[in-house]
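The primary structure of each chain is shown beneath.
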Amino acid sequence: MAKSNTALVIVESPAKAKTIEKYLGGDYKVTASMGHLRDLPKSKMGVDIEAGFVPDYQPIKGREDKIAELKSAAKKASVIYLATDPDREGEAISWHLKELLELPDDKTLRVTFNEITKRVVTESITKPRAIDMNLVDAQQARRILDRIVGYQLSPLLWTKLRRGLSAGRVQSVATRMVVDRENEIRAFVPEEYWLMDVVLACADGGEFTAHFYGKNGKKCELKNEAETKAAEAEIRSSPFTIAAVKRTDRQRSPSAPFITSTLQQEASRKLNMTPRRTMSVAQQLYEGVEIAGVGTVGLITYMRTDSLRVSREAQAAAKNFIVNNYGAAYYPETTRFFKTKKDAQDAHEAIRPSDVELTPERIRKDLTAEQHRLYKLIWNRFMASQMANVVYDSVSIDSVSAGWLFRATHSSVKFPGFTKIYDTGDDDTELKQRPLPELKEGEEVSLKNVVTEQKYTQPPARYTEDTLIRAMEEKGIGRPSTYAPTMSTILDREYVVKEGKVLKPTMLGETVTKFMLERFNDIVDVAFTAKMEATLDSVENGEKDWKSVLADFYVGFDKSMHEAEAALDGVRIKIPDEVTDEICEKCGRHMVVKTGRFGRFLACPGYPECTNTKPIVVEMPGQCPKCGSRILKRTSKKGYAYYACERGAECGFMTWDVPVKDNCPECGHTLFKKSGRGFKKPFCINENCPNFLPEDKRGYVKKAAAPGPDAEAPAENAEAKPAAKKTAAKTAAKTAAKTTAKTTAKTAAKKPAAKKTAAKKTKTAEGEA
């Protein structure tokens, strides 16, 4: 077969291939492997432990045509560039391609692109290197380690607990963290304390509120009612004097640009996006989007990173943009540098826009709604990280009576700095309080009122997806590419469920965790798992041999397996029912949670005498505006979420709008908001209230035909079952429109409309299969 002078570049996704081919020109043919083409077999463990942990890699079934296509293209090419993602798994995919396609060493090179822009792509292609076997070996060690744990431990869970269960190094630890937090909440004993506020009047008629701080200059708490009443009696009979007035400039620095974990946390908090969805949309932004007047361009740098490093070129571009658009005062005196944590891999830059001139507003029409929201978040965070501090004018006034100290504080923004473009979303109470009067030290003020309130300490909050990811990162559990799949796994396996945004363990999750703690403590030990992650990093750095790491781990694991099998011979562990507060209306028993082929549901424990079942409902904040009963979240037959009174038809209240925890300040009724991702301003639905917002002004595209669970949800208000379908449809429509404009109607009709949508990669997320 005659060879051509054309170089072959192999990437992982068609979207990235299309973008890169435009940059490299006619001398290069760019094609996509569509992720992994070779892996461990699914039907067996595929690792020969006795022979020294030899993996049995096999071509993935169904990929034969793609393998043949790449082999043919490789034979014709003058040189082959393996340009898979710039991480451990990407390096391993390149190695697998080289082995599977039998590519010769003398014409096979490895290139990586930290961002998909013309400058970076054309520069990187001139600086190829060999495949880094240390990275490959670190990925092999992780893959085989997780395969051994999964394929040897999961069958034990099947036989002793329930079929279909799984265990893994990272997922089991994540589940344990959620279970441990639940146990902390159960064991928590609330402690009483009291708040005391005083309203003080000035000589000029002004007044202000001060909060209890302490006694005799030291901070302390009022622990009970008797202590509070004694303090109140003393201050009512003694004068108040201004002890100190302090006015200072308080500065606040911007947060660092995003890394993988912080992007997932902030997207969850601000955009209500799951970690998996965040990474999917980020992948689209990285691989390339068609921008009017620019062409196809990757909008962000590589999104799987734990480094805070930023290139000099990006810093210079940011400085130029800030100075030109906001003024020199908004740029700090010295360029900002952020310190990457000690155990980070530091393989790539922080997540940032590839071109700061492509502002979110400028390219809004070229992006889907999700792409725009996530890109705006990344762009704003990076630009803010390079801007000057925000400066607050802070005032603190200390008032003293009979030795009891009360403090009033207020802050106002003196210079907005980075908050000009980035809303931190923090609840700064000092900014919301009324300005304080002008007072001097030694001046007397009079007591106008005393307000006391009994409080109790609160248990630690349950994890949400973003706070669990933060905790995993802090403890060294997992790596950037494992956070999203770990969240999906523990939810899919029903070890954990989401109630609103919080994560709560199921009885299944608690039972499996208890079993693991008793029999395989190392697997669910946070410190052990973190140490293993550090060991894999040592393999990547060339400091340890990957097979030795596996051998060291397997000695203890194999011993635990044999001990567990012997101890549990003939034993079947029962998973307790999760008892609820729902009462069976047929027999009066407390209903329990069961799991069926369609998910979790409520069932009467009196089966078979009582066969009553019903779907699980989620209790929402607030009260029914008609009768004051609970509001429950339900699902219509067409899959849309709606909210209704727990009394059902007896009351008749039903809405598509989401109830929130706040009440209307005018009428006291529960406020509602339009459903969907992102922030939505709450509104009042009480028609007799001055704050009432009519339905046609709530932002609906169309009105619901008639209230009821079988009606269609209002467009853009429905919680559609798969959110990704909406994005794909929008993307497809945009691409079809552009294709039509560029080609004849006949050609456009033949081309698939969904070309722009980033192809879903088949590569297995680094960590747990």
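J.: Looking at this structure, how should I read the overall build of the chain?
T.: Counting its secondary structure elements, the chain contains 19 helices and 29 strands. Looking at the chain residue by residue over its 769 residues, the buried ones come to 50%. Sequence-distant contacts in the chain: of pairs separated by 6 or more residues, those separated by 24 or more amount to 68%. Per element, the accessible surface of the chain, about 37,700 Å² overall, is 50% carbon and sulfur.

J.: Sorry, what's going on with the sheet that holds strand β21 (residues 590–596) here?
T.: The pairing of strands in a sheet happens through backbone hydrogen bonds and is either parallel or antiparallel. If you trace the 4 strands from one edge of the open sheet to the other, you get β20-β21-β22-β23, paired in antiparallel fashion. Looking at strand neighbours, the two that pair on one side only are β20 (578–583) and β23 (613–615), the edges of this open sheet. Pairwise comparison of adjacent strand axes, ignoring direction, gives a mean angle of 45 degrees for this sheet. Relative to strand β22 (residues 599–603), β21 runs antiparallel, the two being bridged by 5 bridges. Residue pairing in the sheet places V592 in a bridge with A603 of β22.

J.: Could you clarify how one ought to interpret the environment of D569 in this entry?
T.: The topology assignment puts D569 in the loop between α17 (546–567) and β20. D569 sits 409 residues away from K160 along the chain, and the two C-alpha atoms are 9.1 Å apart.

J.: Looking at this model, I keep getting lost on the packing of aromatic side chains. Mind explaining?
T.: Centre distance and the angle of the planes are the two values used to describe a pair of aromatic rings. Counting across every chain of the model gives 18 aromatic pairs. Considering the side-chain rings of F553 and F557, the 5.4 Å spacing of their centres and the 20 degrees angle between planes classify their relative orientation as stacked. Taken together, the residues F553 and F557, both in helix α17 and 4 residues apart, mark about one turn of the helix. In this structure, F553 and F557 share a single accessibility class: buried.

J.: What should I look at first to understand the sheet that holds strand β2 (residues 28–32) in this one?
T.: Ordered by their spatial adjacency, 4 strands build an open sheet running β2-β1-β7-β8, and the pairing between neighbours is parallel. Taken across any chain shown, the strands that pair with only one partner, and hence form the sheet edges, are β2 and β8 (108–110). Adjacent strand axes in the sheet meet at a mean angle of 25 degrees, parallel and antiparallel pairs treated alike. Note: strand β7 (residues 80–82) against β8, 3 bridges, orientation parallel. Along β8, the bridge assignment pairs I80 with T108. Each of β1 (7–11) and β2 is contacted by helix α1 (residues 14–24), which is oriented at about 170 degrees to β2, the strand it contacts most. With respect to the sheet, helix α3 (residues 88–100) is in contact with β1, β7 and β8, its orientation differing from that of β8 by roughly 175 degrees.

J.: When you look at helix α2 (residues 64–76) in this model, what are you seeing that I'm missing?
T.: An α-helix turns once every 3.6 residues. As a result, residues three or four positions apart point the same way. Over its 13 residues, α2 extends 19 Å from the first C-alpha to the last, a length consistent with the 18 Å expected when each residue adds 1.5 Å. All buried positions along α2 are accounted for by K66, I67, L70, A73 and A74. One face of α2 carries all of its buried residues, which in axial projection span an arc of 135 degrees. Looking at α2, the residues exposed on the side facing more than 90 degrees away from the buried face are D65 and K75. Those residues of α2 that are buried are in contact with β1, β2, β6 (58–59), β7 and α3.

J.: Just to check I follow, could you spell out the packing of α3 against helix α5 (residues 133–160) for this structure?
T.: To characterise two packed helices, one gives the angle between the axes of the helices and the distance between these axes. Where α3 contacts α5, the two axes come as close as 8 Å, and the packing angle between them is 100 degrees. One way to sum up the angle between α3 and α5 is to call them roughly perpendicular. Only M133, L135, V136, A138, Q139, Q140 and R142 of α5 make contact with α3, whose side of the interface consists of R88, E89, E91, A92 and W95. Within the contact of α3 with α5, the residues separate by chemical class into 6 nonpolar, 2 polar and 4 charged.

J.: Explanation requested: the nonpolar core in the structure shown.
T.: In globular proteins that are soluble, nonpolar side chains generally tend to be buried together. L153, L468, M472, M516, F520 and F557 are the most contacted members of the largest nonpolar core, which totals 74 residues. Top element by residues in this core is α5. It accounts for 10 residues. Every residue in contact with M472, bar those within four places of it in the chain, is listed here: V170, A174, M177, I477, Y483, T486 and M487. Formed by 62 residues, the second largest nonpolar core is a distinct cluster that contains V79, V111, A267 and F418.

J.: Teacher, can you tell me more about the environment of M472 here?
T.: In this structure, M472 sits in helix α13 (residues 465–475). We classify M472 as buried; its relative accessible area is 0%. Taking the C-alpha atoms as reference, M472 lies 9.3 Å from S261; in sequence the two are 211 residues apart.

J.: Is there a simple way to explain the pattern of salt bridges in this structure?
T.: Once the charged atoms of two side chains with opposite charge are near each other, the side chains can pair. Enumeration according to the criterion identifies 41 salt bridges in this entry. Salt-bridge contacts for D85 lead to K16; the nearest nitrogen and oxygen are separated by 2.6 Å. In this pair, D85 is assigned in the loop between β7 and α3 and K16 in helix α1, connecting sequence segments 69 residues apart. On the basis of relative accessibility, which here comes to 0%, the residue D85 falls in the buried class. What makes K16 buried here is its relative accessible area of 1%. Put simply, R176 and D180 hold a salt bridge, and the shortest N to O gap is 3.1 Å. With a gap of 4 residues between them, R176 and D180 both fall in helix α6 (residues 169–187), about one helical turn apart. Counted as one network, the salt bridges with shared partners bring together E582, E585, K614, E619, R630 and E646.

J.: So what exactly am I meant to see when it comes to the side chain of R381 here?
T.: Along the polypeptide, R381 turns up in helix α11 (residues 369–385). Residue R381 is classed as buried on the basis of its relative accessible area of 10%. From its side chain, R381 meets the backbone oxygen of A256 in a polar contact 2.6 Å long. Those residues in contact with R381, other than ones at most four positions away along the chain, are S255, A256, P257, F258, T262, E266 and Y422.

The rules behind the values
Residues numbered from 1 in each chain as written. Predicted model: local features only at pLDDT ≥ 70, side-chain atom pairs only at ≥ 80, totals over all residues. Heavy atoms only, no water. Helix = DSSP H or I, 4+ residues; strand = E, 2+ residues; numbered from the N terminus. Buried < 20%, exposed > 50% of the residue type's maximum accessible area, 1.4 Å probe, protein only. Contact = heavy atoms within 4.5 Å. Areas by Shrake-Rupley, 256 points an atom, 1.4 Å probe, with all protein chains shown as cover. Pairing = 2+ DSSP bridges. Axes fitted to C-alpha atoms, helices over the stretch in contact; angles between N-to-C directions. Phe/Tyr/Trp six-rings, centres within 6.5 Å; stacked < 30°, edge-to-face > 60°. Expected span 1.5 Å × (residues − 1). Arc of directions from axis to C-beta. Parallel < 35°, antiparallel > 145°, perpendicular 65-115°, else oblique. Nonpolar A, V, L, I, M, F, W, Y, C, P; charged D, E, K, R; others polar. Core = buried A, V, L, I, M, F, W, Y, C linked by side-chain atoms within 4.5 Å. Salt bridge = Lys/Arg side-chain N within 4 Å of Asp/Glu carboxyl O. Polar contact = N/O pair within 3.5 Å; in protein donor to acceptor, adjacent residues only side chain to side chain.

By themselves, these observations are geometric and do not establish any function.
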